[in-house]
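# Secondary and tertiary structure notes
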Amino acid sequence: MIVSYWIIVGILLALTIVAILSNFNVILKNNCIGYFLRSSTFKYIIKRILFALVSMFFIITLTFFLIRIMPKDYFNNQLDYKINNVYFGLDNSNKNIFKQLLEYYYNILPFPKKVCVGNYLDGNNLTCSGYEYKIINLGNSVSYMKNVSVWSIIKEKSFSSFIVGFSGFLLQCLIGYPLGIYIARKQNGIADKTSNFLNIIIIAIPSILYFYSFVMLFMVVFKLPVSFQIDNLLSYIAPLVALSMWGGFTIAYWVKKYILTEANSDYVKFARSKGLNEKTIFYKHIIRNALTPLIRTIPTSLVLCFNGFYILEASFNIPGIGLTLISAINLQDVYLVQGLVIYFGFLTVISYLMGDLITILINHKVNFDKGGDVNEK
Amino acid sequence: MKKLISKFLILLVCVALTSSCSCDKDNNLITYKSYYEQDVTTFNYMISNEYQDVISFANLVDGLVENDIYGNIVPSIANSWKSEIINDKQVWTFYLKDNVYWSDYNGNKYDIVTAHDFVTSLKYSLTYNMKSNNYSLAANLIENGLNYYNATLLSNYNYNEIISTINKLKISDPNNELTRYESIKNIFDSCNESNLCKDDFSTVGITAINDFELQFVLSYPVPYFLSALTYCNFLPVSEKFIKEIGFNNFGTSRKTLLYNGAYILSNYSHSSRIEYIKNPNYWDRENVFIDKLIFHKYLGYRAANFTRLAYESGNIDEFSVNQNDEKGWNKYVVGEKGLGTIDNPIGNNTYVSSESTDFTVYYLLFNQNRVNYNYSTLSQEEVLLANKALNNTNFRKALSYGIDRTLYFTNNDSNDLLSTIVPKGFSYNNDKDYFEYIIEEYSKKNNITFAESTALFNNDIYYNLNDSANYLDLAIKELNITSEQLPIKIEYTYYHNDEFSIYDKNRIENWNKVLNGCDINSIECSYEKVMIVYNDEINSINDYNIALERKEFHLTFLGIYPDYNDPTTYLKSFGSSGELYSYLNHSFGEGIDNMLSEIDKYYTDSSLDTRYKLCSELEYYIGFEKNLILPLSINSYNKHVFVSNLVPFSKMKASYGLSPFKFKYRKIRTLDYTQEDIKKLKEEYDKGKSIK
C-alpha cells in the first residue's frame, strides 16, 4: 500500500519536473550543457547551494549550543536515560563541549558510520549484540518513546504528515484554481459571493474552533470516524475536507485577484482591439501570466508538507511531526527536540533553495547577466 | 492534450487515495474501541512502571498468576504452587504449564515459555545499568535482590572519587547533585559493613530448577507474595530474543516484543492510536472473546458531551456519563420521568461500576525537609519558619483539622473523600475489612465506642474547627514564634489547568479563613496566624514536575498506587526505604521501620488478625497521632455511571497488579441490557462469587 503510494507520488513529481523542463527550456535552450555550465545561471545555482550549506551549518551549531545552555535541571531529569545515549556517543556528560560538538557533527553528517544498535547482559557485563551502518545518527529519544532512534521517529511521523499534507494540498489546488478561474470569469455571481464569504469566515474564526467544528460535524452528523488511521479511507475524509477548504478558498481568492490585475493590462486591451475573441484572450494570455507567480510557490509548499500542521494533527489524531515537536518539548525529550529542530531547519533551507531554483527555471524574464543576482526586466 | 493530462492527474489522485484504504476487511472481527489519555513511552515491562505503560502490556504478557472476575488469585502460566519454610526462609515453588508459547508480532510461535524466562527478566530489572524504574518491589521481596542491585550500582563508581566529589560539592553545588552522591556514599558504607553486596545474580533468591519449575526465596516471609506476582516486575522475557535484538531495543515497537498474553500489538503510533489483535497461540484462547482492541488518543476536547457524542456516533464503545452534560445525564441516568439516581440509573446498558477497582490514593504532603527555595515566592526567613512550623505535630494537626476536604470535590466527581491511609475495601481478613481494624484502633485510643467512631469515620473525621484553633495556638506557643514573625506562610504547589485553578484558589481562601478563625462567608479576613500561599510561578506541568523533583514546596498532593494486596503496600512508603520518607522528619524513620519489621513477623494466614491490628496501630500513629500526612481523596469509580457496549461484570477484579487492565473474559454485548437485565446479571455474579 505504502509502496504504491510512493510510486504514484514519484510519478507525479516526475511529471511536474518534465512539464517544467519542457515548457521553460532555459537549460535546453541552446542544446549545450557547456554553455549552461559557463553561464551566470549556473554560478547563481552554485551560490545558492553554498548559502544553503552555510545556513545548515549555523542551524546545527546554534541548536547544539542553545539546547546545552538550558538550565541544568532539564538534563538532570534524564540522568536515568543517559546510559543509552552513551552507547551512541551523544551523551552530554563529563566531556569537553567542543569535543561533544565534533562528535555531534560526525554523527549528523550524512555518510555511513558503524554504530552499536543493541546490548544485552553477558554475565554482568553489558555487551553489544549487533552493529549497523547508520547514515544519520541523531541519538535516541529519552521520554517520548524510550530508546527509539530519533531519525526513525522523524521518518515515521513526517510520512504521516506528508500523506495528509500532500493530499490536502492537491485538493486545495483542485478546488482553488478552477474555482478562482470560474469566479474571475463570472464576477459578482453567486459563486463569487459565496466563496468570498466562506473565505472571510474561515480566516476570521480561530483555527482550533474551525477544526473542532469539523470534528463535531463529521462525528455527529455524518457518523464518520474522526480519528485518523492511515489504512482507513473513511478517516481521511474529515481532515482532508477541513484542510482543503482551509486553503482552497484562499487560493481561489488570489487566482481571481491576479487574473483581474492581468485583465486590465494593456496587452489585453490591445488583443481585444485586434479582434481576438474573449475565450482566447482569457485562456491563452491572461491565465498564463496570472498563474505564473502562484505556481512558483507549489514546490515550496510540497516540501513544507513534511513539516506538519499542529492544529490539524491535534484535532484529528494524525500522528504527524508538528504534534511530535510539541509533545517532545512537553516531555523534555532533549535529543528529539534537537533532532526535530535541525530537521525543520533543513526543510526550510531546502524549500527556500527550491523556490530560488524554480524561479530561474520558470521565469523567462529573469536576467543573470549583472552580478549573478536575479533581476527582473 | 492538456485536458487529457489534467484528467489523468485527477485520476491519479483518486487512485492514490483509494490505494491507501483497506476498506474494512476486518468487518467480521469483534472490535472494542476506546480512548486513551496518555501515550505509552515504552513496552519494555522490565524498566517501566508508569501507569500508561502498565495498562498497555497487561494484555500482552502474562505472569505466573492472575485474578478471576471475583477477585481470587488463579493460575496463569503457573499450574500450581506451594510455599514452605526452609531455614527460616519462605520458599515458593511454582510448577509451570508446558503449553505456553511466545508469539512474535506476526502471531508465529517463537519459543516455549520456561522458568528461565522469569529469571532473565528479574536479572535485567535488578541490574542497575539497565535503569529499571520498577526494581524496588522485587529488590525488597526477593532474597539478596537489593544487595545485587546495590552491587551493580557501585560497580560504576569509585569510592575515593565519590568522597572527593562530595567534598567539592560541599563548597559549591550549582546543580543540586550533593544528595545523589551522598546516597551513593551511604550505599558504599552499608555494603562494606554488611559484606553482602555481591555482583553475582546466582546469589539472588530466584532459581529455575528445570524448565518448568521455578523457585523463589524471599528475604522475609510475607502473606501477600501471590498478589505481588501479578505486578509487572515478575513477567517473563525470552533471553534468546533479547540477545537477538538487544535490550535497549526491546519493547520499542511491536516488532521488538514477544507476546504470551491474550493479545498481540498490531499497531502503535504515538499520539494517535494503539491496536491489539487476539493472540492465536494464547494458552487460554477460549476465554478471549474480543478479537481486536483499538484505542485512539483522546482528542483532548474538554466539552462535557464529547465522549457521549463519540459513543453515540460509534467512535467508542464505552464512556462514563459526565454530570455537567445535562442532556446525557438526563438520558442515561435521570430518565424522562426523573426517577433515576446515580446509584440506580435508568438508561439501557447503563450501569454503576459495582465496586471500586482503582485504589490510587492521594495524600496531602507536609514537606518537613524543604531545602530549595529558588522558585519560591517566599523569602528565606519565611521558608525556614514554615519548615520549623511543619516539624511541629500540633501545627500539622491544626492544618489538617482546618481543611474542609469535601471542597476538593466540587467539580470532580471521580474522587471520594479518604479518611485513612489504606482505603476502605482494599484488603480483607476473611470477610472483615481492614478498615474496621482502624475504627477499632481509633475507638480504643480515644475511649469511645465502636459505633461512635464508625459515625465519625462516615463523616469527615478530620474537619474540626475548634480543635484546629486550639492546636494552632498550642503550636505557636511551643515554637516560640513572636507576633512580628506571624503569619507563618506555607507554600502550596499544585498544577491545575485554568478550569481548576479558580476552585483551587477558593479552596485555599477558605482554608486560610478557617485557620485564622474567620467565618467562611466573611468577605474580609486578616490572616494573622497562618497563610497558605499559592505558588503562582508554577504554571505548567513541567514547572510542577521540576518543583516536585526539587521538593520546592511545603504542601502538595501526591498519588500512591498499590503494588500488592496488603495494607503495608501503602504503609511501607513511610518507612526509610519508602517514596514518601524524604518528605518526613527523619526522626520518625526508626520508629516506623521498627513497627514495619514487627508487622512482617506475622505472615501466615492464621496470624493475619494480629498483622492487621499492628498495621492499624501504625496507621493510627502516622495518620492521627503524629499527623505526618493528611489523607485526601481516592480515585473512585463508585460514583461513575458507565454506558458501555461491554457485558457488565465480566472484568477481572483486583485492586492491585495488572489484572484489572486485562481484556480477557470481557465480552461485547449483542443486545441491549435494560436495568432489569443488569440486576439479573448482578445477582448471578453475586451467586458465582459466593460459590467460589
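Worth saying up front: this structure is predicted, and the values here are computed from it rather than measured.

Criteria and cut-off values
Residues numbered from 1 in each chain as written. Chains lettered and ligands numbered in written order. Predicted model: local features only at pLDDT ≥ 70, side-chain atom pairs only at ≥ 80, totals over all residues. Heavy atoms only, no water. Helix = DSSP H or I, 4+ residues; strand = E, 2+ residues; numbered from the N terminus. Rg over C-alpha atoms; globule rule 2.2 N^0.38 Å. Buried < 20%, exposed > 50% of the residue type's maximum accessible area, 1.4 Å probe, protein only. Contact = heavy atoms within 4.5 Å. Areas by Shrake-Rupley, 256 points an atom, 1.4 Å probe, with all protein chains shown as cover. pLDDT = per-residue confidence, 0-100. Pairing = 2+ DSSP bridges. Axes fitted to C-alpha atoms, helices over the stretch in contact; angles between N-to-C directions. Phe/Tyr/Trp six-rings, centres within 6.5 Å; stacked < 30°, edge-to-face > 60°. Lys NZ or Arg CZ within 6 Å of the ring centre and 35° of its normal. Core = buried A, V, L, I, M, F, W, Y, C linked by side-chain atoms within 4.5 Å. Disulfide = S-S within 2.5 Å. Salt bridge = Lys/Arg side-chain N within 4 Å of Asp/Glu carboxyl O. Expected span 1.5 Å × (residues − 1). Bend = angle between axes of the 7 residues up to and from the residue.

## Regarding the overall build of chain B
Along chain B, the regular secondary structure elements total 22 helices and 23 strands. Taking 2.2 N^0.38 as the reference for a compact globule, 692 residues should give roughly 26 Å; the C-alpha atoms of chain B span a radius of gyration of 28 Å, in line with that estimate. In terms of overall dimensions, chain B has C-alpha extents of about 90 × 70 × 70 Å along its principal axes. Among the 692 residues that make up chain B, the fraction classed as buried is 56%. For chain B, restricting intrachain contacts to residue pairs at least 6 apart in sequence, the fraction spanning at least 24 positions comes to 70%. Accessible surface, chain B: about 29,900 Å² in total, of which carbon and sulfur atoms supply 48%.

## Digging into the overall build of chain A
Along the backbone of chain A there are 16 helices and four strands. Relative to its full complement of 377 residues, chain A shows a buried share of 48%. Restricting the contact set of chain A to residue pairs at least 6 apart, pairs at least 24 apart contribute 67%.

## Notes on the confidence of the model for chain B
Fine structural detail should not be taken from predicted coordinates in areas where pLDDT scores are low. Residues and elements named next belong to chain B. For chain B, per-residue confidence averages 82 on the pLDDT scale, and residues scoring 70 or more make up 90% of the total. Contacts for the low-pLDDT stretch residues 1-5, under 50 throughout, to residues beyond four places or in other chains number one contact. Counting interchain partners and residues more than four positions distant, the pLDDT-below-50 stretch residues 12-25 has 25 contacts.

## Details of the sheet that holds strand β4 (residues 78-86) of chain B
All names here are of chain B. Pairing is antiparallel in the open sheet, where four strands are placed in the order β4-β5-β9-β8. Whereas interior strands pair on both sides, the edge strands pair on one side only; in this sheet they are β4 and β8 (206-210). Going from strand to strand, the sheet's axes swing by 20 degrees on average, the running direction of each strand aside. Where β8 and strand β9 (residues 213-217) come together, four bridges link them in antiparallel fashion. Bridge pairing links T207 to Q215 in β9. Those strands touched by helix α3 (residues 115-126) are β5 (89-96), β8 and β9, and its axis lies near 160 degrees from that of β8.

## Structural notes on the packing of aromatic side chains
This structure, assessed with the given rule, holds 67 aromatic pairs over all chains. Here the aromatic rings of Y135(B) and Y149(B) are separated by 3.9 Å at their centres, their planes lie at 10 degrees, and the arrangement is stacked. Highlighted residues: Y135(B) in the loop between α3 and α4 (136-141) and Y149(B) in helix α5 (residues 145-154), separated in sequence by 14 residues. Residue Y149(B) is classed as buried on the basis of its relative accessible area, which comes to 9%. Seen in terms of ring centroids, F359(B) and F426(B) are 5.4 Å apart; in terms of plane orientation they differ by 65 degrees. Their pairing is edge-to-face. Pair noted here: F359(B) is in the loop between β14 (350-352) and β15 (361-366) and F426(B) is in the loop between β16 (415-417) and β17 (428-429), with a separation of 67 residues, a long-range link. Since its relative accessible area comes to 4%, F359(B) is described here as buried. Joined through ring pairs, the aromatic side chains of Y210(A), F211(A), F214(A), F218(A), F222(A), W246(A), F309(A) and F316(A) make up one cluster. Stacked on the ring of F282(A), the Lys or Arg R185(A) has its end atom at 5.1 Å from the ring centre.

## Some thoughts on the sheet that holds β14(B)
Residues and elements named next belong to chain B. Taken together, the three strands give an open sheet; going across it, the order is β13-β23-β14, and neighbouring strands pair in antiparallel fashion. With one partner strand each, in any of the chains shown, β13 (318-320) and β14 form the two edges of the open sheet. When the angles between neighbouring strand axes are averaged without regard to direction, this sheet yields 25 degrees. With three bridges joining them, β13 and strand β23 (residues 641-644) adopt antiparallel strand pairing. Counterpart to E318 in the pairing with β23 is S644.

## Quick notes on unusual backbone geometry
Where the residue is not glycine, phi is negative for most of them; where a peptide bond is considered, it is trans in most cases. Residues and elements named next belong to chain B. Phi is positive for S271, close to 55 degrees, though the residue is something other than glycine. The residue S271 is located in the loop between β10 (263-269) and β11 (273-278) in this model. Taking the relative accessible area as the measure of exposure, S271 reaches 4% and is therefore buried. Positive phi, close to 55 degrees, is recorded for N447, a residue that is not glycine. Position of N447 among the secondary structure elements: in the loop between α14 (434-446) and α15 (450-458). Overall, N447 belongs to the exposed group, its relative accessible area being 70%.

## A closer look at the nonpolar core
When a protein is soluble and globular, its nonpolar side chains tend to lie buried together. Counting 114 residues, the largest nonpolar core has Y45(B), L64(B), F94(B), L214(B), F216(B) and F225(B) as the members making the most contacts within it. Ranked by the residues each element gives to this core, the list is headed by helix α16 (residues 334-362) of chain A, at 11 residues. Apart from the residues lying within four places of it in its own chain, the contact partners of L214(B) are L64(B), W92(B), T93(B), F94(B), L96(B), A115(B), F118(B), V119(B), I206(B), T207(B) and A208(B). By size, the runner-up hydrophobic cluster in this structure holds 76 residues, among which are I403(B), I439(B), I481(B) and L558(B).

## Quick word on the state of the cysteines
Here is the idea: a disulfide is a covalent bond, and it sits between the sulfur atoms of two cysteines. For the structure shown, the criterion picks out two disulfides over all chains. A sulfur-sulfur separation of 1.9 Å characterises the disulfide bridge that pairs C116(A) with C128(A). Taking the sign of the S-S torsion, about 115 degrees here, the bridge from C116(A) to C128(A) comes out right-handed. Highlighted residues: C116(A) in strand β1 (residues 113-122) and C128(A) in strand β2 (residues 125-134), separated in sequence by 12 residues. Note that C191(B) is cross-linked by a disulfide to C197(B), the S-S spacing being 1.9 Å.

## Focus: the pattern of salt bridges
Between side chains of opposite charge, a pair can form as their charged atoms come close. All names here are of chain B. Evaluation of the coordinates by the stated rule reveals 30 salt bridges over all chains. One salt bridge connects K489 with E382, and the closest N-O pair in it is separated by 3.3 Å. Placement of the pair is K489 in strand β19 (residues 488-492) and E382 in helix α12 (residues 380-390), with a sequence separation of 107 residues. Residue class for K489 comes out partly exposed when judged on its relative accessible area of 24%.

## Thoughts on the pairing of β4(B)
Residue and element names in this part refer to chain B. Pairing of β4 with β5 involves eight bridges; the strand directions are antiparallel. Within β5, the residue paired with A78 across the bridge is L96. Hairpin geometry of β4 and β5 is characterised by an intervening segment of two residues between the two adjacent antiparallel strands and by a positive phi of about 50 degrees at N87.

## Description of the environment of D333(A)
All names here are of chain A. Along the chain, D333 turns up in the loop between α15 (321-330) and α16. Residue classification places D333 among the buried residues on the basis of a relative accessible area of 0%. Through-space distance from the C-alpha of D333 to that of V349 is 24 Å; in sequence the pair is 16 residues apart.

## Here we look at helix α10 (residues 234-263) of chain A
Spanning 30 residues, α10(A) covers 42 Å between terminal C-alpha atoms, matching the ideal 44 Å at 1.5 Å per step. Largest kink in α10(A): about 25 degrees, centred on L240(A).

## Overview of α12(B)
Among the residues making up α12(B), those that are buried are V383(B), L385(B), A386(B), N387(B), A389(B) and L390(B). Where the residues of α12(B) are buried, they touch β15, α13 (393-401), α16 (465-479) and β19 of chain B.

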